[in-house]
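# Examination of the molecular architecture
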Amino acid sequence: MRKWIVAGNWKMHNTIAESVALARTVKEGTAGLKSGEVVVAPPFTALTSVGEALKGSSVALAAQNMYCEDKGAYTGEVSPLMLKDVGCTYVIIGHSERRKYFIESDETVNLKAKKALATGLKPIVCVGETDGERNKGVTEAVVGRQVRGALADIDKLDNVVIAYEPVWAIGTGMVATPAQAEDVHDFIRRLLVEIYGCMAADVRILYGGSVTKDNIAELIAMEDIDGALVGGASLKADGFLGIISKMP
Ligand code: PEP
């Protein structure tokens, strides 16, 4: 039985004070949670304060990105050791916005995923096709390439989480239908089974893209959807807690 995850990606939003206030409300709202995992990914500047605010709760702290070296002359980058130091247990890797605006490739995603695992961080590896790719009928080719690329030379999946996030659904309000999402989740699962055998059955595959408290129930009912990576709807406590309240 895979344990669901609801992860909030706050992107480049919220001051430290706003982040702490949101984290406190999420902490209070999840206090009695019996199943699943809740994760929040504030901006780097708020990680320390949010980590402090979440102490005593089961809400896990994530970073939205990391560099693939422990330390060195990499101006502007943040290392996985630094993320561990502030209490992160998860790190989002290869989000489509990083791929688009910061030209991250399957190779850099792979370097980061390997480094995260070696450091004891759990990577949430994002994959997903653009609308143009979907219209051309190459969704599986693109997602397959991204999954294989991200996981190259990784031989254990224990701490790996995959997030299928169709680019056309991110921040657009155009959520994938449960059937569209499940088709790709099932494809990813079959691909993982092909590469890794039976350990693939335990890998959590999250859906991301315009998830709200009004559409999550249908998505989470799908066989291979194990939770959600949530952007916009994670910025308001009632929206985020509303999603969590619909989890099984
Ligand atoms: C995301 O950025 O990962 C995301 C899924 O955003 P949104 O929920 O706003 O579509």
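Values in this document were obtained by computation on a predicted structure and should not be read as measured data.

Calculation rules
- Residues numbered from 1 in each chain as written.
- Predicted model: local features only at pLDDT ≥ 70, side-chain atom pairs only at ≥ 80, totals over all residues.
- Heavy atoms only, no water.
- Helix = DSSP H or I, 4+ residues; strand = E, 2+ residues; numbered from the N terminus.
- Polar contact = N/O pair within 3.5 Å; in protein donor to acceptor, adjacent residues only side chain to side chain.
- Contact = heavy atoms within 4.5 Å.
- Salt bridge = Lys/Arg side-chain N within 4 Å of Asp/Glu carboxyl O.
- Buried < 20%, exposed > 50% of the residue type's maximum accessible area, 1.4 Å probe, protein only.
- Axes fitted to C-alpha atoms, helices over the stretch in contact; angles between N-to-C directions.
- Parallel < 35°, antiparallel > 145°, perpendicular 65-115°, else oblique.
- Left-handed = near helix turned anticlockwise from the far one by under 90°.
- Nonpolar A, V, L, I, M, F, W, Y, C, P; charged D, E, K, R; others polar.
- Expected span 1.5 Å × (residues − 1).
- Near = heavy atom within 4 Å.
- Areas by Shrake-Rupley, 256 points an atom, 1.4 Å probe, with all protein chains shown as cover.
- Pairing = 2+ DSSP bridges.

### Looking at the side chain of E129
- Tracing the sequence through the fold places E129 in the loop between β5 (122–127) and α6 (131–135).
- In this structure the side chain of E129 is engaged in a polar contact, spanning 2.8 Å, whose partner is the side chain of Y164.
- Once residues lying within four places of it in the same chain are set aside, the contact partners of E129 are R134, T139, V142, V143, Y164, P166, V167 and W168.

### What about the pattern of salt bridges?
- According to the stated counting rule, one finds 16 salt bridges in the structure shown.
- The salt bridge involving D224 is made with R2; its shortest N-O contact spans 3.9 Å. Pair noted here: D224 is in the loop between α9 (216–220) and β8 (227–230) and R2 is in the segment before β1 (5–9), with a separation of 222 residues, a long-range link.
- Accessibility expressed as a relative area gives 7% for D224, which makes it buried.
- One salt bridge in this structure joins K114 and D153, with 3.5 Å as the shortest N-O distance. Placement of K114 in helix α5 (residues 106–119) and of D153 in the loop between α7 (139–151) and β6 (161–164) is noted, with a sequence separation of 39 residues between them.
- Each of the salt bridges in this network shares a partner with another, and the network as a whole consists of R2, R189, D224 and D226.

### Structural notes on the packing of helix α1 (residues 16–29) against helix α2 (residues 47–54)
- Running from N to C, α1 and α2 point in directions that differ by 25 degrees, and their axes come no closer than 9 Å. One finds that α1 runs roughly parallel with respect to α2. Crossing of α1 against α2: the hand is right-handed. Contacts between α1 and α2 involve I16, S19, V20, A23, R24 and K27 from the first element and S49, V50, A53 and L54 from the second.

### Structural notes on the packing of α7 against helix α8 (residues 178–196)
- Where α7 meets α8, the closest approach of the two axes is 10 Å, and the angle between their N-to-C directions is 45 degrees. Judged by the inter-axis angle, α7 sits oblique to α8. Note that α7 runs across α8; the crossing there is right-handed. Touching T139, E140, V143, G144, V147, R148 and L151 of α7 are V184, F187, I188, L191, L192, E194, I195 and Y196, all from α8.
- Residues belonging to the contact of α7 with α8 are distributed by class as follows: 10 nonpolar, two polar and three charged.

### As for α8
- For α8, with 19 residues, the first-to-last C-alpha span of 26 Å sits near the 27 Å given by 1.5 Å per residue.
- For α8, the full list of buried residues reads P178, A181, E182, V184, H185, F187, I188, R189, L191, L192 and Y196.
- Where α8 is buried, its residues meet β5, α6, α7, β6, β7 (204–208) and α9.
- The first or second residue beyond α8 is G197, which carries a positive phi of 75 degrees.

### Quick notes on the environment of G242
- As for its position among the elements, G242 is in helix α10 (residues 237–245).
- For the pair formed by G242 and T212, sequence separation is 30 residues and the distance between their alpha carbons is 8.0 Å.
- If near-sequence neighbours (up to four positions away) are discounted, G242 is found in contact with K213 and A237.

### A closer look at the site of the ligand
- Around the ligand, a shell composed of 14 residues is seen, among which K11, E165, G171, S210 and G231 lie nearest.
- H95 has a polar side-chain atom sitting 2.8 Å from an oxygen atom of the ligand.
- G232 places a main-chain nitrogen or oxygen 2.8 Å from an oxygen atom of the ligand.
- Summarising the interface, the protein chains cover 96% of the accessible area of the ligand, which totals 290 Å² for the free molecule.

### Observations regarding the pairing of β8
- Of the two faces of β8, the one carrying G227 and L229 and the one carrying A228 and V230 are both buried.
- Inspection of the sheet shows β1 paired to β8 by four bridges, in the parallel sense. Bridge pairing in β8 links V6 to A228.
- When β7 meets β8, the two strands line up parallel, connected through two bridges. Looking at the pairing, G208 lines up with L229 of β8.

### Description of the side chain of H185
- Within the fold, H185 resides in helix α8.
- Overall, the relative accessible area of 0% leaves H185 in the buried class.
- A polar atom in the side chain of H185 sits 3.0 Å from the backbone oxygen of D224.

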